[in-house]
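Coordinate analysis (summary)
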Amino acid sequence: MHTSGEPTRIVYSGYPELPGKLLQQREEAIAHHDHIRRALICEPRGHREMYGAVLCRRTELTESGKAHVGVLFLTNDGYSTMCGHATLALARLIVDQAGSSDKKLFVLDQGKDLIYDPKTGEMAVDLHVPCGLVAAKVPVTLTSEDTWKTDMSRMTSYDSVPSWEAHSSMCTDISEPSLRWPELGDRSKVWYDAAYGGAFYIVVSAKELGFVTDVLESITPSTLAALSNATRLFKEDFNRYEDAFPRLTRLLHPDYPAKQELYGTIVTSPCNRPSAEAGLPPNADLGLCFFANQQVDRSPTGSGVQARVALAFGAGKVGMNEPRTYHSPLSIAHGGEGAFVGEVIDTEDVGGGINAVKVKISGKARYTGCSSFVIENDDEIGKGFWFDELGQTSKN
Ligand SMILES: O=C(O)[C@H]1NCC[C@@H]1O
């Protein structure tokens, strides 16, 4: 499927049975089945920007025991903790499969019923993902008493895990020559924010990185390469600081003792597009997310929008139940189609002095096709490679 152009290769059958609960299953996948991620995401079956999800349908094995399905996410670098675009796709797939009369690809193992709300015309489906439980709602059209399909005139949505501002208005001095990028010019100070939306993100404006303000509205191969270079070096600088001053770390989660990983860097710039034209809330933001190993999100990044909504709420720029539109360069190029909407729907004290928000993220996911993949035992090349890294020793 794709959500706003960002792919999700969904594994619904054929993955080995994983022992334990979801987080243990994730460890097991990392330790013993990473060859499957490599085969599905890397070349020749995939590419640098491919994203994947494995459905774990034994829901008694999720931590909450409440979900309809468990999910593991796959990136070009490993196993992410949260993915909004894939959540929107999976919710639609699960609801459509449960409501189809024929050609079922899979059934939910426990047969836990999906709940239809006649007032909203939505089907509720709960997904247990590595960062916690997300409650999705898929708008449907009933086609008979017990069959239905997604109503694509409306958006699918999910209520996020608690999301929060980790730090606002941080300033870093990029003085180390090997970590500077050309667009910085003579400057060394860069201001940025950091926030959690199921995974940790840095949010930094294109202008702070030294780019012209409308760089995201006119992406070209060279500006994309330059943005990728800048965010890669900026992330490295951030990680070096975190390693040097572990007691000042900004990547803390109250549920885990260890410092968490920085997942992505979101570059933002003002959005000149009047979103109301596309039937979306009028106030809009534009951003581009580099995540995992500099993978470029085509979508506005659901979990990144959670983080940005938490920052905007913390800064008093949005209030409770005030939806805001989030564009990617691709959605801008398509007249607003593919934008996500983010809205604070609740606040939550998650401990550790953190005041979090719950964010409702809305968007639309589409089908692209159905594939069976083959991995021949003696096919060394077919196990997965990055062509542009053949000169390096590291393997993803
Ligand atoms: O929408 C999201 O949250 C995801 N898209 C790719 C990077 C993030 O995991």
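Keep in mind it's a predicted model, so treat the numbers as computed, not measured.

**Things to note about the overall build of the protein**
- In terms of regular secondary structure, the protein is built from six helices and 20 strands.
- Taken against the 2.2 N^0.38 rule, which gives 21 Å for 396 residues, the C-alpha radius of gyration of the protein at 21 Å falls within 12% of a compact globule.
- Overall size of the protein, expressed as C-alpha extent along the three principal axes, is 65 × 55 × 40 Å.
- Taken across its 396 residues, the protein has 53% of its residues classed as buried.

**As for the pairing of strand β5 (residues 69–74)**
- Of all six residues in β5, six are buried; the element is thus mostly enclosed.
- What you see with β5 is no split at all: Val69, Val71 and Phe73 on one side and Gly70, Leu72 and Leu74 on the other are buried throughout.
- Sheet topology note: the strand β4 (residues 52–56)/β5 ladder contains five bridges and is antiparallel. Bridged to Cys56 within β5 is Gly70.
- Bridge analysis of β5 against strand β7 (residues 122–129) gives two bridges, and the strand direction is parallel. Across the sheet, residue Val69 finds its bridge partner in β7, namely Leu127.

**Here we look at the sheet that holds strand β1 (residues 2–3)**
- The strand order β2-β1-β20 describes an open sheet built from three strands, whose pairing is antiparallel. Edge positions in the open sheet fall to β2 (6–7) and β20 (365–366), since each of these has one partner strand only.
- With two bridges connecting them, β1 and β20 associate as antiparallel partners. Looking across to β20, one finds that His2 is bridged to Arg366.

**Thoughts on the site of the ligand**
- Near the ligand you find 13 residues, and of these Gly84, His85, Asp297, Gly302 and Ser303 are the closest.
- Within the backbone of Gly84, a nitrogen or oxygen atom sits 2.7 Å from an oxygen atom of the ligand.
- Contact with the protein chains covers 100% of the free accessible surface of the ligand, which is 260 Å².
- Those elements that provide at least two residues to the shell around the ligand are α3 (84–99) and α5 (302–314).
- Looking at the shell around the ligand residue by residue, the class counts come to six nonpolar, five polar and two charged.
- Both domain 1 (2–159) and domain 2 (164–363) contribute no fewer than three residues apiece to the shell around the ligand.

**Describing the domain arrangement of the protein**
- Entries for the protein in the domain assignment read domain 1 (2–159) and domain 2 (164–363).
- Here the C-alpha centre of domain 2 lies 25 Å away from the C-alpha centre of domain 1.
- Of all residues in domain 1, Ser4, Glu49 and Met155 bury the most surface against domain 2, accounting for 26% of the area lost on that side.
- Linking domain 1 with domain 2 are one salt bridge.
- For Arg298, the salt bridge identified is with Glu49, shortest N-O distance 3.6 Å.
- Here domain 1 is connected to domain 2 by eleven residue pairs in polar contact (both at pLDDT 80 or more).

**Some remarks on helix α4 (residues 221–244)**
- Taking 1.5 Å as the rise per residue, α4 with 24 residues should run 34 Å; its terminal C-alpha atoms sit 35 Å apart, in good agreement.
- Those residues of α4 that fall on the buried side of the exposure criterion are Ala226, Leu227, Ser228, Ala230, Thr231, Leu233, Phe234, Lys235, Asp237, Phe238 and Glu242.
- For α4, the secondary structure elements touched by its buried residues are β11 (164–173), β12 (189–196), β13 (200–205), β14 (262–270) and β15 (284–291).

**Concerning the pattern of salt bridges**
- Overall, the coordinates contain 15 salt bridges when judged by the stated rule.
- Notably, a salt bridge pairs Arg154 with Asp151, separated by 2.9 Å at the nearest N-O pair.
- Residues joined in a network through salt bridges with shared partners are Asp34, Arg37 and Arg38.

**Some words on the packing of aromatic side chains**
- Per the counting criterion, the structure on display carries eleven aromatic pairs.
- Both rings, one in Tyr192 and one in Phe238, keep their centres 6.1 Å apart while their planes meet at 75°; by these two values the pair is edge-to-face. Of this pair, Tyr192 sits in strand β12 while Phe238 sits in helix α4; the two residues are 46 residues apart in sequence, bridging distant segments of the chain.
- We classify Tyr192 as buried; its relative accessible area is 5%.
- Classification of Phe238 as buried rests on a relative accessible area of 3%.
- Ring centres of Tyr201 and Tyr263 lie 5.8 Å apart, and the angle between their planes is 65°; on these two criteria the pair is classed as edge-to-face. You can see Tyr201 sitting in strand β13 and its partner Tyr263 sitting in strand β14, a full 62 residues away along the chain.

Parameters at a glance
Residues numbered from 1 in each chain as written. Predicted model: local features only at pLDDT ≥ 70, side-chain atom pairs only at ≥ 80, totals over all residues. Heavy atoms only, no water. Helix = DSSP H or I, 4+ residues; strand = E, 2+ residues; numbered from the N terminus. Rg over C-alpha atoms; globule rule 2.2 N^0.38 Å. Buried < 20%, exposed > 50% of the residue type's maximum accessible area, 1.4 Å probe, protein only. Pairing = 2+ DSSP bridges. Near = heavy atom within 4 Å. Polar contact = N/O pair within 3.5 Å; in protein donor to acceptor, adjacent residues only side chain to side chain. Areas by Shrake-Rupley, 256 points an atom, 1.4 Å probe, with all protein chains shown as cover. Nonpolar A, V, L, I, M, F, W, Y, C, P; charged D, E, K, R; others polar. Domains from an automatic or database assignment. Buried area = accessible area lost by both parts, 1.4 Å probe. Salt bridge = Lys/Arg side-chain N within 4 Å of Asp/Glu carboxyl O. Expected span 1.5 Å × (residues − 1). Contact = heavy atoms within 4.5 Å. Phe/Tyr/Trp six-rings, centres within 6.5 Å; stacked < 30°, edge-to-face > 60°.

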